Amino acid sequence: MKPCSLLIFITVVLLKSSTANYDWDIFDIFPWKVDPDFNRNLTELITSKGYPVQEYTAQTPDGYLLTVLRIPSGRKKVYYANKEKKVVFLQHGLLSSACDWVLNFQNQSLAFILADHGYDVWLGNIRGNTYARRNIYYPPETSRFWNFSFDEMAEYDMPSMIDLVLNVTGKKNLTYIGHSQGTSIAFALLSQKPEYNEKINMFIGLAPVATVGHITSAIRYLAPFTADVDFLFSILGVDEFLPNNIIMKYLSEILCDTKVKFICEDVIFLVCGTDYSQLNASRLGVYVSHTPAGASTKSIIHYAQMVNSKKFQKYDYGPKGNMLEYNQTSPPEYHLENITTKAALIWSENDKLADPTDVHILEKKLKNLVSSTPVKLKEFNHLDFVWGVDANILVYENVLSLLKNYS
């Protein structure tokens, strides 16, 4: 059991006694009644719910080995036997893995819902997470392994995974659904590689993140220190993002209600925010046993840099480093106006990481925006797009409609 998982178990028990308004059954979260999904890996999470799964490995040009999972059919195989299957690729967000899409029950998890509606569902994993910690040239114990941000994911990871999917399925294109950093990767990819605007027939962005100048996430509080990168590495972890506990507690004191600050010290909640109206507390141990799944410190710093610049741009190495890397003193911007594939955005007014103001900036730059829809529940937050108990109604029904009408 992860230390943070044990902390969550203890915290929920304490929280129950101090928050009478929450309808939580504390007996559901004791260790001796742990949900079996707590110890299941990604493949087991899928097969245990009655779905077939196939596992593939995409190798990037710089040597990373990324596990890609396929759910080729749903539980009603006969019903869709004669239907032409459309391919849908799901890409998780920051600090996460493809587990995000299957952590809830069959009627609540997007991957399962899509499979049951007759789609050929593929789940991607980006470098550095639980299912992509291998490289043919160097191990994850080395600094070189962790020298990446979403720049490299857009340049290498996503093309490698998309090409793998299209080669296996024999399709000319697919529909891409991303959450959080999964949308940043797609925006960067589509803006700089025109050919992928043909390979992706539609892009659906859940909690879309491009510019981040208006976020209220903990990342904002790191932005003032981005000029001193060595200092940030010293408090966040030199290679893999492993923040100092003192920093976590300090940020939780600033950002979190005192009644929930213990939970908020878990990095995923601190970075992405919490919404207790949509959180299934009985599965909290399952969530934190799979998340955070791993990320580079450079990825966190990259977003913090963009808080300052208010631009959607590549990693900033400083004037001298930028000259070496980009042959110019400032990092190049990703030009969202270059994206021609159909795009749809689903966002929330209460999102700390995909702030509505930044979403509205994004809307104006996308030439082929077919839909931009806020979630109707005001309290809906960043993690609710994948973990929310009502995400199937508030978000996924819209996703199914978009797939039907535009993909």
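Residues numbered from 1 in each chain as written. Predicted model: local features only at pLDDT ≥ 70, side-chain atom pairs only at ≥ 80, totals over all residues. Heavy atoms only, no water.

Peer 1: Help me understand the packing of helix α4 (residues 150-169) against helix α5 (residues 181-192), please; the structure alone is not making it clear to me.
Peer 2: For any two helices packed against each other, one specifies the crossing angle of their axes together with the interaxial distance. At a closest axis distance of 9 Å, the pairing of α4 and α5 adopts a crossing angle of 80 degrees. Taken together, the axes of α4 and α5 lie roughly perpendicular to each other. Mapping the contact onto sequence places F150, M153, A154, E155, M158, P159 and I162 in α4 and Q181, S184, I185, A188, L189 and Q192 in α5. Grouping the amino acids of the contact of α4 with α5 by side-chain chemistry returns 9 nonpolar, 3 polar and 1 charged. (Axes fitted to C-alpha atoms, helices over the stretch in contact; angles between N-to-C directions. Helix = DSSP H or I, 4+ residues; strand = E, 2+ residues; numbered from the N terminus. Parallel < 35°, antiparallel > 145°, perpendicular 65-115°, else oblique. Contact = heavy atoms within 4.5 Å. Nonpolar A, V, L, I, M, F, W, Y, C, P; charged D, E, K, R; others polar.)

Peer 1: I tried to follow the packing of aromatic side chains on my own but got confused; where do I start?
Peer 2: The description of an aromatic ring pair uses the distance of the two centres, along with the angle that the planes make with each other. As enumerated under the stated definition, the model contains 20 aromatic pairs in all. Ring plane angle 70 degrees and centroid distance 5.0 Å describe the contact between F145 and W146, whose orientation is recorded as edge-to-face. No difference in accessibility class separates F145 from W146, as the two residues are buried. Put simply, the rings of Y64, Y137, Y138, F145, W146 and F148 touch in pairs and so form one group of aromatic residues. Positioned over the ring face of F105 is R283, at 4.5 Å from the centre of the ring. (Phe/Tyr/Trp six-rings, centres within 6.5 Å; stacked < 30°, edge-to-face > 60°. Buried < 20%, exposed > 50% of the residue type's maximum accessible area, 1.4 Å probe, protein only. Lys NZ or Arg CZ within 6 Å of the ring centre and 35° of its normal.)

Peer 1: Sorry, what's going on with the packing of α4 against helix α12 (residues 297-309) here?
Peer 2: Running from N to C, α4 and α12 point in directions that differ by 110 degrees, and their axes come no closer than 9 Å. Taken as axis vectors, α4 and α12 run roughly perpendicular relative to one another. The segment α4 lies against α12, with F150, D151 and M153 engaging S299, H302, Y303 and M306. Considering only residue class, the contact of α4 with α12 consists of 4 nonpolar, 2 polar and 1 charged.

Peer 1: Looking at this structure, I do not really get α12. What am I missing?
Peer 2: Every α-helix winds through 3.6 residues per turn, so residues three or four apart in the chain are directed the same way. Its 13 residues place the ends of α12 19 Å apart at the C-alpha level, agreeing with the 18 Å of an ideal helix rising 1.5 Å per residue. Along α12, 11 of the 13 residues are buried, which leaves the element largely enclosed by surrounding structure. Within the span of α12, buried status applies to T297, K298, S299, I300, I301, H302, Y303, A304, Q305, M306 and V307. Looking at the buried side of α12, the elements it contacts are α4, α5 and α7 (229-236). Positive backbone phi, approximately 60 degrees, marks K310, located one or two places after α12. (Expected span 1.5 Å × (residues − 1).)

Peer 1: Explain the pattern of salt bridges here, please?
Peer 2: In a structure, side chains of opposite charge can pair up when their charged atoms sit close to one another. Summed over the entire model, instances satisfying the criterion amount to 12 salt bridges. Its salt-bridge partner being K49, residue D37 comes within 3.0 Å of it at the nearest N-O pair. With D37 in the loop between α1 (3-18) and α2 (42-47) and K49 in the loop between α2 and β1 (54-59), this residue pair connects regions lying 12 residues apart in the sequence. Exposure class is identical for D37 and K49. Each is buried. In this structure, the salt-bridge partner of D116 is R75, at a minimum N-O distance of 2.7 Å. Remark: R75 occurs in the loop between β2 (64-71) and β3 (87-91) and D116 occurs in helix α3 (residues 110-116); sequence separation between them is 41 residues. (Salt bridge = Lys/Arg side-chain N within 4 Å of Asp/Glu carboxyl O.)

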